[in-house]
Amino acid sequence: GASPILRGLSDDKHLAKRAAVDAGVPTADWAIYRKGAPVDPSRCPEAERYVIKPNASSASWGVHDATDWTGVKAAIDEIHADNHDALVEPFLTGSDVEVPVITVGDPLILPHMIFRQADPSHLRTYYEKRDLVDRSNKYSLDPFEDADLVEQINGYTRKLWDEYRPFDYGRFEFRVNTDTREIHFIEVNLNCNLWSQKVYGRSAVLFGWTQAELIETILADSLRRNGLMG
């Protein structure tokens, strides 16, 4: 998807959030607790409920929630014991809006998708994200068609993507509360799932492409960018 250093930037959720702040894109307050460094409770943001996760986790692997420092500290210790850094941030009520971006000379935003949650306060698990358990009554993957919010999210995405260029494809993720209209950047993934039934494949169909055309377009531009195709 990109050079190793840019992949590393996107994989490090702490650094990605710093880049979002620098770009003027809203993201929840957070604290990073690196394995082996002091675990200072004064650095933890104030919240009624917290999400604690490995700083480079994928698909919510190792995610925890807690309502006080005792629970937060226990989750940090568990993540550190598994040899990962821990990221702590307030839980944001809402659903995740996924913004697929591919590079065709310049970045191109494909139609947004939303993991619409039946209960916006539900903490999605790794097993749900990997479709390893029945989650049909918890959330669905749908087109996101709120024009005003789409416009705002596109603006934020354009502010963010210069930090990661050049890249072949990347999924920019935002937590959106459709009741309050609040938008917060969550993370960016430059090596995300391209399966036809996940975000990219479903979005490509909305854009008018087949799965084969999506893969061919990403591959062709990557070859061009790397000087391997005229």
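Each remark here, short or long, concerns the structure printed above.
Residues numbered from 1 in each chain as written. Predicted model: local features only at pLDDT ≥ 70, side-chain atom pairs only at ≥ 80, totals over all residues. Heavy atoms only, no water.

In this section: the side chain of His64. As for its position among the elements, His64 is in strand E3 (residues 64-66). A distance of 2.7 Å separates the side chain of His64 from the backbone oxygen of Gly62, its partner in a polar contact. Ignoring sequence-local partners within four residues, the contact set of His64 consists of Tyr50, Val51, Ile52, Ala75, Glu78, Ile79 and Leu123. (Helix = DSSP H or I, 4+ residues; strand = E, 2+ residues; numbered from the N terminus. Polar contact = N/O pair within 3.5 Å; in protein donor to acceptor, adjacent residues only side chain to side chain. Contact = heavy atoms within 4.5 Å.)

With the rule as written, the count across this model stands at eight aromatic pairs. Plain terms: the ring middles of Phe115 and Tyr139 are 5.6 Å apart, the flat faces sit at 75 degrees to each other, and that makes the pair edge-to-face. In this pair, Phe115 sits in strand E7 (residues 113-117) while Tyr139 sits in strand E8 (residues 139-143), placing the two residues 24 residues apart along the sequence. Exposure remark for Phe115: the relative accessible area of 8% places this residue in the buried category. Each ring, one from Tyr169 and one from Tyr200, has its centre 5.5 Å from the other, and the planes form 85 degrees; the classification is edge-to-face. Pair noted here: Tyr169 is in strand E9 (residues 169-177) and Tyr200 is in helix H6 (residues 199-207), with a separation of 31 residues, a long-range link. (Phe/Tyr/Trp six-rings, centres within 6.5 Å; stacked < 30°, edge-to-face > 60°. Buried < 20%, exposed > 50% of the residue type's maximum accessible area, 1.4 Å probe, protein only.)

One open sheet accounts for four strands, arranged E1-E4-E2-E3; its pairing is antiparallel. In this open sheet, the two strands that pair with only one neighbour each are strand E1 (31-33) and E3. Strand-to-strand twist across the sheet, computed as the mean angle between neighbouring axes with direction ignored, equals 25 degrees. Along the sheet, helix H2 (residues 13-23) contacts E1, strand E2 (50-54) and strand E4 (86-90); its crossing angle with E4, the most-contacted strand, is approximately 45 degrees. Packing against the sheet, helix H3 (residues 69-81) makes contact with E1, E2, E3 and E4, and its axis sits at approximately 10 degrees to E2. (Pairing = 2+ DSSP bridges. Axes fitted to C-alpha atoms, helices over the stretch in contact; angles between N-to-C directions.)

Turning our attention to the pairing of E2. Across the five residues that make up E2, a large majority, five, are buried. Two elements, E2 and E3, share three bridges in a ladder whose sense is antiparallel. Within E3, the residue paired with Ile52 across the bridge is His64.

Let's shift gears to unusual backbone geometry. In this model, Arg165 is joined to Pro166 through a cis peptide bond whose omega is 0 degrees. Looking at the element boundaries, Pro166 is found in the loop between helix H5 (147-161) and E9. A positive phi is found at Asn83, a non-glycine position, where the angle reads about 70 degrees. Locating Asn83 in the fold gives a position in the loop between H3 and E4.

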